[in-house]
Amino acid sequence: MAAHPADPRGALRHTPQSSQGAGGLPEQPRRSAVPSAADPVPSAADAEHSQPRGPSPEPVRPGSPGGPGGPGVPPDGTERRSGQPRPAGQPPAMRRDGDRLRFVGAATRRIARGIDLDEIVMGLCRATVPTFSDAILVYLREPLPVGDERPTGPMVLRLRRTDRIPDAADDTESDGNSLPVVAVPQAELTAGSAELCEVRSGGALAEVLRGVRPVFTDSPAAHAALPELLGGERPLPTGQRVILAPLRGRRRVIGAAVFLRRQDRHAFDADDLLVAGQLATHSALGIDKAVLYGREAYIADELQRTMLPETLPRPTGVRLASRYLPAAETARVGGDWYDAIPLPGSRVALVVGDVMGHSMTSAAIMGQLRTTAQTLAGLDLPPQEVLHHLDEQAQRLGTDRMATCLYAVYDPVSHRITIANAGHPPPVLLHLGGRAEVLRVPPGAPIGVGGVDFEAVELDAPAGATLLLYTDGLVESRLRDVWTGIEQLRERLAATAQLTGPDHPPPLEALCDDVLDMLGPGDRDDDIALLAARFDGIAPSDVAYWFLEPEDAAPSRARRLARSALARWDLEDMTDSVELLVSEVVTNAVRYASRPVTLRLLRTDVLRCEVGDDVPQLPRQRKARATDEGGRGLFLVNRLARRWGATRLSTGKVVWFELARPGGAS
């Protein structure tokens, strides 16, 4: 494809450093410098700063920058001052103040369009080659200082990007292993320019950078500084054809730019030093802002990452998947969150919430509410009580701290789910047969209103069904109201389930991706948090449950009941270990309990034993002395069990342990 005749990028070839910057910018294709009749007419913006390399086949109007009588090239194709014919294919020199003003204005606009570091450096290179120079090398400090940070150690410059006009005799691409070659008739900047340069304190390069102003290479200071920057003594174009311009940000020098012209082109003059200074200043300030923006984006990403679960747990009888999307790339943090919290008795709490707004403040409030919800879940409070305490916490944080939240507890043994809602969109349950149902949950008032009661409902959670919890960013936008979005979500889930058939639920991760695909280009007005739970449950045949009276015979009865259950499950190989651990835990429970003790065995991928009593104090493992009669029960549990723990309940506590099944998960 022919290049735009007035676009300076059409004459560039990028070296490996220029074609692939630190930001992963794509390599620009090599373009022909010869215009074709099919090329479009250049825009006015391009005509401001572009100089055609050869006669344009397009008609130009008198008085235009490229036409007769304009500030560009005379109609006879000669240079304005020397009167000598201009070599074919060379950009004309800018000789009028109007030319320079238009070029500087267009170049600074191009640099200012960049928002990240690579875009700004690319804008500088593309704006100057070939209009202002035939080649450019941009060095930046490694690492770049951020804000008021004071760099430690010596200053090190890294070659960040290079651009140049390809040599007419060079018809092959770079081999990808060397740095750029800037060809000139009498001198050549050979390949292998240093990618890293340590600026020696008190050296010539340090003195030039400290002076801030651009200098010609034929000045004594620059003549000694340039070889230090490029790495070794290298031949350079003679005369004033190289400018070394320090890049100074708001507080310190952050790099340097080298502008070069070929020998067959007019040398730089004093006015070009001013142009180079303007370009260097705008670029350095833009780089400073880009580094600050990158640091803020990094902090926002880290904040959001730490506020949300890094990984989801894998509780017994349920599979989980989640997604989070910020409102926009420029607002990477928000108040939406989700969580899955394992509870005693193999249950799991599913939480999704949305704090008003999507800012750093919203994210901070969200983090506090999420921490509060985790603490309340550890107390095993009912869902409505959890929302009540969250409401009180939001009022303590401030009068304008509003949020919505949905809290659900799933029990895989009873195949039931208990849900309480605080002003949040209702969840959607996708049944195994493909029917999607919007659950009828009392809406409740948002968290932070104060003085309201929350109501919980208990619903069936059949095996194979999928519960979808989400925030309003998924279903509400400027283009649709929340109930229209919920209906579209329900239809989308039903259509997805039809693809896998009535006997197989859709894969959980693919289901989340398919749900997010329902968002159109204009549907992203808010953060989106999504939590999907696939209910597998625990079959009744894999559960054994007993009540034991708090008496001396309880441990022996517990051993006998456990032995019979293991025989029924063909797990006789585990009998000795299970009997020993069950006896120790039940003995400790009946010693202090005043009500019947519960014993439950669950057979899943592991064997889980749970012993509950009405004493709230949690047991602590301790090192027993040789003369002590007790204190070794939990030591045995810790050594023999795969995992163990104790959880306080509203009615007492549960002590549990897990043993790996023979041939099962370790």
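Up top is the structure.
What counts, and where the lines are drawn
- Residues numbered from 1 in each chain as written.
- Predicted model: local features only at pLDDT ≥ 70, side-chain atom pairs only at ≥ 80, totals over all residues.
- Heavy atoms only, no water.
- Helix = DSSP H or I, 4+ residues; strand = E, 2+ residues; numbered from the N terminus.
- Buried < 20%, exposed > 50% of the residue type's maximum accessible area, 1.4 Å probe, protein only.
- Contact = heavy atoms within 4.5 Å.
- Pairing = 2+ DSSP bridges.
- Patch = residues over 30% accessible without salt bridge, like charges linked within 9 Å, V, L, I, M, F, W, Y side chains within 5 Å.
- Areas by Shrake-Rupley, 256 points an atom, 1.4 Å probe, with all protein chains shown as cover.
- Salt bridge = Lys/Arg side-chain N within 4 Å of Asp/Glu carboxyl O.
- Axes fitted to C-alpha atoms, helices over the stretch in contact; angles between N-to-C directions.
- 1 Å grid on protein atoms, 1.4 Å probe; cavity = no way out; pocket = protein on both sides within 12 Å on 5 of 7 lines; lining within 4 Å.
- Points joined across faces, edges and corners; volume = space filled by probe spheres on them.
- Phe/Tyr/Trp six-rings, centres within 6.5 Å; stacked < 30°, edge-to-face > 60°.
- Parallel < 35°, antiparallel > 145°, perpendicular 65-115°, else oblique.
- Left-handed = near helix turned anticlockwise from the far one by under 90°.
- Nonpolar A, V, L, I, M, F, W, Y, C, P; charged D, E, K, R; others polar.

Caption draft 1: Here's a closer look at the environment of Ala456. In this fold, Ala456 is placed in strand 17 (residues 456–460). In this structure Ala456 comes out as partly exposed when scored by relative accessible area, which is 27%. Remark: the alpha-carbon pair of Ala456 and Ala408, spanning 48 residues in sequence, is separated by 9.0 Å. If near-sequence neighbours (up to four positions away) are discounted, Ala456 is found in contact with Gln384, Thr418, Ile419 and Ala420.

Caption draft 2: Just the pairing of strand 23 (residues 643–649), in detail. Here strand 23 pairs with strand 24 (residues 652–660) via seven bridges, running antiparallel. Bridge pairing in strand 24 places Trp644 opposite Phe657. Between strand 23 and the antiparallel strand that follows it, strand 24, lie two residues.

Caption draft 3: Broad picture of a nonpolar patch on the surface. On the surface, Tyr298, Ile299 and Met360 cluster together into a nonpolar patch covering about 310 Å² of accessible area. With relative accessibility at 41%, the residue Ile299 sits in the partly exposed group.

Caption draft 4: Examining the sheet that holds strand 16 (residues 436–438) more closely. Taken together, five strands build an open sheet; the order of strands is 10-19-18-15-16 and the sheet is antiparallel. In the strand order of this sheet, the two ends are held by strand 10 (318–325) and strand 16, each with one partner. Neighbour-to-neighbour, the strand axes of the sheet open up by a mean angle of 20°, direction not taken into account. Of the pairings in the sheet, the one linking strand 15 (residues 428–430) to strand 18 (residues 466–470) comprises three bridges and is antiparallel in character. Counted as the bridge partner of Val428 is Leu468 from strand 18.

Caption draft 5: Main features of the layout of surface pockets. Of the voids in this model, the second largest pocket is the one considered here, and its volume is about 800 Å³. Looking at the second largest pocket, it is lined by 33 residues, and the ones nearest its centre are Pro313, Arg314, Pro315, Thr316 and Arg643. Elements with a minimum of two residues in the lining of the second largest pocket: strand 10, strand 11 (336–342), helix 8 (360–378), helix 11 (508–516), strand 22 (606–613), strand 23 and strand 24.

Caption draft 6: Region of interest: the packing of aromatic side chains. A full pass over the atoms with the stated rule returns five aromatic pairs. Here Phe103 and Phe132 contribute two aromatic rings whose centre-to-centre distance is 5.8 Å and whose plane-to-plane angle is 15°, an arrangement assigned as stacked. Note that Phe103 is positioned in helix 3 (residues 97–112) and Phe132 in the loop between helix 4 (117–128) and strand 2 (135–141), a separation of 29 residues in sequence. Here Phe103 and Phe132 have matching classes, each one buried. Between Phe132 and Phe268 the ring centres are 5.3 Å apart and the planes differ by 40°, which places this aromatic pair in the tilted class.

Caption draft 7: Examining the sheet that holds strand 23 more closely. The strand order across the open sheet formed by five strands is 20-21-22-24-23, and the pairing between neighbours is antiparallel. In the strand order of this sheet, the two ends are held by strand 20 (543–548) and strand 23, each with one partner. Within this sheet the neighbouring strands show an average axis-to-axis angle of 15°, counted without direction. With six bridges connecting them, strand 20 and strand 21 (residues 597–603) associate as antiparallel partners. Opposite Val543, over in strand 21, you have Leu602 as the bridge partner.

Caption draft 8: Structural view of the packing of helix 10 (residues 482–500) against helix 11. At a minimum axis distance of 10 Å, the contact between helix 10 and helix 11 shows a crossing angle of 140°. By the criterion of interaxial angle, the relationship of helix 10 to helix 11 is oblique. Handedness of the crossing formed by helix 10 with helix 11: right-handed. When helix 10 is examined against helix 11, the residues Leu489, Arg492, Leu493 and Thr496 are found in contact with a partner set consisting of Leu511, Asp514 and Val515. For the contact of helix 10 with helix 11, the residue count by class is four nonpolar, one polar and two charged.

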